Amino acid sequence: MKASLPWLSHKDWALAKWGVPLYRVPVDPGWGCPHKKPGNIGGCTFCAEDGGRARQTLRADLPAEQVGHGIRFVRQRYGKGLLELYIQAYTATFSSVEALKAMIEPLLAEHDFVSLSLGTRPDCLPPATIQLLQEWNQHLDVWVELGAQTAQEKTLLRINRQHTWAKSKEAVGKLQAAGLKSCMHLLFGLPGESSDDMFATLDEVTALPIQALKLHNLHIIDGSLLAEEWKNRPFPVLPESAWLELVMQLIRRIPAHLPLFRVFTDSENRLAPPSEFSKGEFIHQLETEMRKRAWFQGELT
Ligand code: SF4
């Protein structure tokens, strides 16, 4: 398959796998996060008050309504294509197996989803949940999106993740043993990290049996603990133009078979860095620069 971009994007990966585009329909079940108390108390310092809830889900409370809005949004904007149910925002596996079944199975029965993706923390994958995901994986493509963020222990402490890098590796191993696919989320430009730290994280991550990656550049979100820290003692935040340079270097070091489901952060209520590109402009610029330099994913692996 010839990719249309110098990296393996979600779009190209989906076309190669399914023959048609695959669109995500996000839903926030409102389960929250084991690491963040109601009222936005505690949690990871970079986390938004809403746990990263997608815009399409904001107009409805009930999962069925959110999914209805999401499917209409996809059809109006993109037209035909396959659908993935994306249990998004906060920690999707922070509930009992019974609650997961009660929320997800009616949605799977009502709509033609070919894929299911759940975003979670590496320390929130109990055996009963993995077993349920394995059952669903018999008839649809099940992905777990693991928020690892960094492999650097000092940073994990600083951003109050409350889990270690070893826990992230353990989670990938558990998913692999269960035949489930994992997409690892990484966050670049975290306070105190040098570019050596970031490349070291990438080396650790690409050595794991994962099936996809999401690369995010740090945004300081209003209302987050990091925003307070930044307001009180400002620290440099990676500008988007610097992220463009960095992400090219990262992409060159990522094995070519790994799809990159995200290469740019797109968030609401950001205080820093200043916006330099829309998402579309960033992707266009990234493609232009990589083509100009004849760089492509995996060339340095
Ligand atoms: S980033 Fe994820 S794990 Fe951390 S507080 Fe927010 S929802 Fe919880």
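Notes on the structure in this doc start here. Just so you know, these numbers come straight off a predicted model, no measurement behind them. All residue numbers refer to positions counted from 1 along the written sequence of the respective chain. Only residues with pLDDT of 70 or above have their local features reported here, since the model is predicted, and side-chain atom pairs are shown and tallied only from 80 upward, although totals for entire chains, interfaces and linings are computed over all residues. Calculated side-chain values reflect all of the structure's heavy atoms, with hydrogen atoms and water omitted.

1. Considerations on the pattern of salt bridges
At step 1: We count a salt bridge whenever a side-chain nitrogen from Lys or Arg sits within 4 Å of a carboxyl oxygen from Asp or Glu. Taken as a whole and judged by the stated rule, the model has 17 salt bridges.
At step 2: Here glutamate 287 makes a salt bridge to arginine 291, at a shortest N to O gap of 3.0 Å. Remark: arginine 291 and glutamate 287 occur in helix 10 (residues 279–293); sequence separation between them is four residues, near one turn of the helix.
At step 3: On the basis of relative accessible area, glutamate 287 is assigned to the partly exposed category, the value being 22%.
At step 4: For glutamate 289, the salt bridge is made with arginine 293, and the minimal N-O distance between the two is 2.9 Å. Remark: arginine 293 and glutamate 289 occur in helix 10; sequence separation between them is four residues, near one turn of the helix. Labels follow the DSSP assignment, with helices taken as runs of H or I lasting at least four residues and strands as runs of E lasting at least two, numbered in each case from the N terminus. Relative accessible area decides the class of each residue, using a 1.4 Å probe on protein chains only: under 20% of the type maximum gives buried, over 50% gives exposed, and in between gives partly exposed.

2. Describing the packing of aromatic side chains
At step 1: In this scheme Phe, Tyr and Trp rings, the latter by its six-membered ring, pair at centre separations within 6.5 Å, and the angle between planes marks the pair as stacked below 30 degrees, edge-to-face above 60, and tilted otherwise. Evaluation of the coordinates by the stated rule reveals seven aromatic pairs.
At step 2: When the ring of tyrosine 23 is compared with that of tyrosine 78, the centres are 4.7 Å apart and the planes differ by 10°; the resulting orientation is stacked. Of the two residues, tyrosine 23 sits in strand 1 (residues 22–27) while tyrosine 78 sits in helix 2 (residues 63–78), which places them 55 residues apart along the sequence.
At step 3: Residue tyrosine 23 is classed as buried on the basis of its relative accessible area, which comes to 15%.
At step 4: Overall, tyrosine 78 belongs to the partly exposed group, its relative accessible area being 42%.
At step 5: Charge-over-ring placement is defined geometrically: NZ (Lys) or CZ (Arg) within 6 Å of the ring centre, and within 35 degrees of the ring normal. The lysine or arginine in question, lysine 17, covers the ring of tryptophan 18, its NZ or CZ lying 4.9 Å from the ring centre.
At step 6: Of note, arginine 24 hangs over the ring of tyrosine 86, and the distance from its end group to the ring centre comes to 3.9 Å.

3. Points about the pairing of strand 1
At step 1: Strand 1 sits mainly inside the fold: five of its six residues count as buried.
At step 2: Pairing analysis gives six bridges linking strand 1 to strand 4 (residues 82–87), with the strands arranged parallel. What sits directly across from proline 26, in strand 4, is tyrosine 86. Two strands form a pair only when DSSP identifies at least two bridges running between them.

4. Section: the site of the ligand
At step 1: Near the ligand, the surroundings consist of Cys33, Lys36, Gly43, Cys44, Phe46, Cys47, Tyr90, Arg121 and Arg161.
At step 2: Class assignment of the residues belonging to the shell around the ligand gives a composition of five nonpolar, one polar and three charged. If a single non-hydrogen atom of a residue is within 4 Å of a molecule or strand, that residue counts as near it. Residues are grouped as follows: nonpolar covers Ala, Val, Leu, Ile, Met, Phe, Trp, Tyr, Cys and Pro; charged covers Asp, Glu, Lys and Arg; every other residue, Gly included, is treated as polar.

5. Describing the sheet that holds strand 4
At step 1: Spatially, the seven strands line up as an open sheet ordered 1-4-5-6-7-8-10, and their pairing is parallel. Whereas interior strands pair on both sides, the edge strands pair on one side only; in this sheet they are strand 1 and strand 10 (260–262). The mean inter-strand angle of the sheet, taken between neighbouring strand axes irrespective of direction, is 25°.
At step 2: Bridge count for strand 7 (residues 181–188) against strand 8 (residues 212–217) is six bridges, and the pairing is parallel. Its bridge partner lying in strand 8, leucine 187 is registered against histidine 216.
At step 3: Across the sheet, helix 6 (residues 165–177) lies against strand 6 (141–149) and strand 7, angled at about 170° from strand 6, the strand it touches most. Interaxial angle, 0 to 180 degrees, is taken between N-to-C directions of lines fitted to C-alpha atoms, where a helix line uses only the stretch in contact. Any two residues whose heavy atoms approach within 4.5 Å are treated as being in contact.

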